[in-house]
Amino acid sequence: MKKINLLFYPMVVSAMLMQSCGGGGEKPAEQATTEEATEVESEENFEYMAEQFADLKIIRYRIPGWDKLTPQQKEYVYYLYEAGLSGRDIIWYQNYRHNLEIRKALEAIISDYQGERSGSDWEAFMTYAKRVFFSNGIHHHYSMSKLKPGFSQDYFASLLAESGAVLNGAAQEAIFDPEFDAKKVNLDPDKGLVKGSAVNFYSPNMTEADVDAYYAKKIDKSDETPISYGLNSKLVKKEDGTIVEEVYKVGGLYGPAIEKVVYWLEKAQGVAENQKQADALGLLVEYFKTGDLKIWDDYNIAWVEATEGDIDYIQGFVEVYNDPKGYTGSYESIVEIKDFDASERMKVLMDNVQWFEDNSSIMDEHKKENVVGVTYKVVNVAGEAGDASPSTPIGVNLPNANWIRANHGSKSVSLGNIVNAYENASGEGFSEEFIRTEELRNRSKEHGTLASKLHTALHEVVGHASGKLNPGVGTPKETLKSYASTLEEGRADLVALYFLLDPKLVELGLMPSLEVGKSEYDSYIRNGMMLQLRRIEPGENIEEAHMRNRQLVASWAYEKGIADNVIEKKVVDGKTYFEVNDYEKLRTIFGELLREIQRIKSEGDYEAGRALVENYGVKVDQELHAEVLERAEKLNSAPYGGFINPRLVPVMEGTKITDVKVEYPDDFLEQMMEYGEKYSFL
Ligand code: ZN
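These numbers were taken from a predicted model, which means no experiment stands behind them.

1. Some remarks on the overall build of the chain
Alright, step 1. When helices and strands are counted, the chain shows 26 helices and 15 strands.
Alright, step 2. Viewed in the frame of its principal axes, the chain has a C-alpha envelope of about 75 × 60 × 60 Å.
Alright, step 3. A total of 682 residues make up the chain; the buried ones form 59% of that total.
Alright, step 4. Excluding contacts between residues fewer than 6 apart, the proportion of contacts in the chain whose partners are at least 24 apart in sequence is 73%.
Alright, step 5. Carbon and sulfur atoms provide 49% of the accessible area of the chain, an area that totals close to 27,100 Å².
Alright, step 6. A distance of 2 Å separates the average location of the 75 positive side-chain charges in the chain from that of its 113 negative side-chain charges.

And the structure:
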């Protein structure tokens, strides 16, 4: 549910691939080699990586399909985007009570400091400042621990003095005393969930018991449509011991920023694509004005039912992960436009899904007579703010209220251009290290992105829809138990792989040539046999279902093809590579495994399923694993990524917006300073 994040190695789970439910694996995409980012960057030479510091990489993303929007749609996006950024200060306050004053001091130093702007102290200061910007505060966005400054308090005092800036004692203590408010969110009960957490959802004099007592009185557990208690408020304990809720709303806590949010949302309402969107926005505005959580629910219902149109958004106090008690939502905004290419691909596959079923390698008795494709939704991000920026989810599934999900449905989206930017950025150096020949590198560069997208589309639309159970056989969860999801993902991957080398895809206009399919075969084998191992710790076996299925498919195919040298293991200068020699034969092997896994599912053959997964998908070749980790480490790729937003610039005629242009800034610090200047409302 909710938000889906991407973690780079050495994390075990690649959430990105869980979200897209398989996808094409981690593509060692290459960097464009243009010397500089210019305004006329084309899709091919777009520079995804901006910079890397500490454990962070800063990535840029494009907004594909922008030119397909009408001027009014662009205006709509622009207003939503401004609304999002207008609330930016809120997340700083929510994350920690001293964050905003610290940020303002950092901004003042960066813009006004007259002294020496070089040397190790200055570098350490700038790195610290950028890390703080990245985390929307002084605690690490992921580990939750306080960021270490790397320069002395005296040096900082001199920076302040020579910038004409001031920062109070408590805020300075927060920066320099590692024990003081050490953790943003503490989930260790011994330290106290509320007391031990620095987040600003409860006044510092409150304990977990206070919070529990307050909500115990407030929440009616028998209510079948409960409002989201505490979602938009801070609990404050007064001197006399009474507890009050300070509500985030116009005229309430964070009122000045929320007023600006409302200003832009009202403009958006006026240019919405349809009445349902406008009605939903009207409710959102009313909610921000009143803070009434009943209206928040009404809004969510209206929002989830507004499914027409090319533009959508997430806006408000939404996810509750930052609250150790799970009540209060962090401010966030994501503005999304439809991924037109992905939608087109999906439509073509949907229209032909029966052809794929009829021509699959599975046994006739397991084929569906009337197969219906599975829809999946890809959007492109036009701008993010608050808790969703610079670090972003790669997929979102909302709303969070279970009763609304059950009664009215939910929206689940994959953020396509973000995933794509991650793939492109994480590939720096990878291709050079893990692809042996120029020819293979070129194929990956030319076709890798499309290959990966096609794989995902086939996997989702055709793969998961294909095949049927034998009469009387229980669900895979019942019959295949803990192996069900690995086998299901393997099955969907194999459907994709089997058809990726079928001329039918060229005929349908989905790919220009079979080179695309070959590129996916190269990448799938490379990833399944080796590359994905960089995501697990030394000595561990594979646990995660998608990783298991990829190794299963790749290593089974490798073994079956040994006699004919279908996939060859090459060791050159001490480096291991797995390369495909015979694509047609590999396709046949994929088809055989697909047929077998479908049989296992259709018959509920637990023993055969267990054997496949345990023999091929779980155990790790320790030597190869060590090699992969060593080679990956040398590439020095930061584990966490975050993004520079595009800048939307309205073209005015008098007071009327006639068009909106997109610019792609390439300097992270510059964007942070620009936001500080433009969107400081608290
Ligand atoms: Zn899947």
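Further notes follow.
2. A short note on the sheet that holds strand E13 (residues 640–644)
Hydrogen bonds along the backbone pair up the strands of a sheet, which may run parallel or antiparallel.
Alright, step 1. An order of E2-E3-E13 is seen for the three strands of this open sheet, with the pairing classed as mixed. At either margin of the open sheet sits one strand with a lone partner, and together these are strand E2 (49–53) and E13. With direction set aside, neighbouring strand axes in the sheet form an average angle of 25°.
Alright, step 2. Bridge count for strand E3 (residues 56–60) against E13 is five bridges, and the pairing is parallel. Its bridge partner lying in E13, Arg-60 is registered against Ile-644.
Alright, step 3. The strands that helix H26 (residues 668–678) touches are E2, E3 and E13; relative to E13, the one it contacts most, it runs at about 60°.

3. Remarks on the packing of helix H3 (residues 88–95) against helix H4 (residues 99–112)
The relative placement of two packed helices is expressed as an angle between their axes plus a distance between the axes.
Alright, step 1. Between H3 and H4, the shortest axis-to-axis distance is 7 Å and the interhelical angle comes to 120°. For the element pair H3 / H4, the angle class is oblique. Residues Arg-88, Asp-89, Trp-92, Tyr-93 and Asn-95 of H3 touch H4, and the partners they reach there are Asn-99, Leu-100 and Arg-103.
Alright, step 2. Among the residues forming the contact of H3 with H4, the class breakdown is three nonpolar, two polar and three charged.

4. Observations concerning a negative patch on the surface
Alright, step 1. Together, Glu-43, Glu-44, Asp-341 and Glu-344 line one region of the surface with negative charge.
Alright, step 2. Looking at the element boundaries, Glu-43 is found in the loop between helix H1 (15–19) and E2.

5. Digging into the packing of aromatic side chains
Alright, step 1. Tallied over the entire structure, the rule returns 40 aromatic pairs.
Alright, step 2. Members of the aromatic cluster, joined through ring pairs, are Tyr-93, Tyr-248, Tyr-254, Tyr-287, Phe-288, Trp-296, Tyr-299, Phe-317 and Tyr-331.
Alright, step 3. We note Lys-481 situated over the ring of Tyr-606; from NZ or CZ to the ring centre the distance is 5.2 Å.
Alright, step 4. For the cation-ring pair, Arg-587 lies above Tyr-498, with the distance from its terminal atom to the ring centre recorded as 4.1 Å.

6. Looking at helix H8 (residues 208–218)
Alright, step 1. Of all the positions in H8, only Asp-210, Val-211, Tyr-214 and Tyr-215 are classed as buried. When H8 is viewed along its axis, its buried side chains cluster within an angular range of 115° and face the same direction. Exposed positions of H8 whose direction lies more than 90 degrees from the buried face are Ala-209, Ala-216 and Lys-217.
Alright, step 2. Those residues of H8 hidden inside the fold are in contact with strand E4 (233–237) and strand E5 (243–247).

7. Structural notes on the nonpolar core
Across soluble globular proteins, you tend to see nonpolar side chains buried next to one another.
Alright, step 1. Residues Phe-125 and Phe-156 are the most contacted members of the largest nonpolar core, which totals 131 residues.
Alright, step 2. Looking at which domains feed residues into this core, each of domain 1 (3–70 + 253–642) and domain 2 (75–180) supplies at least three.
Alright, step 3. Dropping the residues within four chain positions of it, Phe-156 is found in contact with Leu-106, Ile-109, Phe-125, Phe-151, Leu-167, Gln-172, Ile-175 and Phe-176.
Alright, step 4. Membership of the second largest hydrophobic core comes to 68 residues, among which are Val-348, Phe-434, Val-580 and Ala-632.

8. Brief notes about unusual backbone geometry
Alright, step 1. Residue Pro-390 is reached from Ser-389 by a cis peptide bond, and omega for that bond is -5°.
Alright, step 2. In this structure, Pro-390 sits in the loop between strand E8 (378–386) and strand E9 (395–398).
Alright, step 3. In this structure, Asp-573 is a non-glycine residue whose phi angle is positive, near 50°.
Alright, step 4. For Asp-573, a relative accessible area of 75% translates into the label exposed.
Alright, step 5. A positive phi angle, close to 55°, is found at Asn-636, a residue other than glycine.
Alright, step 6. Here Asn-636 is to be found in the loop between helix H25 (622–634) and E13.
Alright, step 7. Judged by relative accessible area, Asn-636 falls into the exposed class, the value being 57%.

Conventions we followed
Residues numbered from 1 in each chain as written. Predicted model: local features only at pLDDT ≥ 70, side-chain atom pairs only at ≥ 80, totals over all residues. Heavy atoms only, no water. Helix = DSSP H or I, 4+ residues; strand = E, 2+ residues; numbered from the N terminus. Buried < 20%, exposed > 50% of the residue type's maximum accessible area, 1.4 Å probe, protein only. Contact = heavy atoms within 4.5 Å. Areas by Shrake-Rupley, 256 points an atom, 1.4 Å probe, with all protein chains shown as cover. Lys, Arg positive; Asp, Glu negative; His and termini not counted. Charge placed at Lys NZ, Arg CZ, Asp CG, Glu CD. Pairing = 2+ DSSP bridges. Axes fitted to C-alpha atoms, helices over the stretch in contact; angles between N-to-C directions. Parallel < 35°, antiparallel > 145°, perpendicular 65-115°, else oblique. Nonpolar A, V, L, I, M, F, W, Y, C, P; charged D, E, K, R; others polar. Patch = residues over 30% accessible without salt bridge, like charges linked within 9 Å, V, L, I, M, F, W, Y side chains within 5 Å. Salt bridge = Lys/Arg side-chain N within 4 Å of Asp/Glu carboxyl O. Phe/Tyr/Trp six-rings, centres within 6.5 Å; stacked < 30°, edge-to-face > 60°. Lys NZ or Arg CZ within 6 Å of the ring centre and 35° of its normal. Arc of directions from axis to C-beta. Core = buried A, V, L, I, M, F, W, Y, C linked by side-chain atoms within 4.5 Å. Domains from an automatic or database assignment.

In short, shape yes, function no, at least from these values alone.
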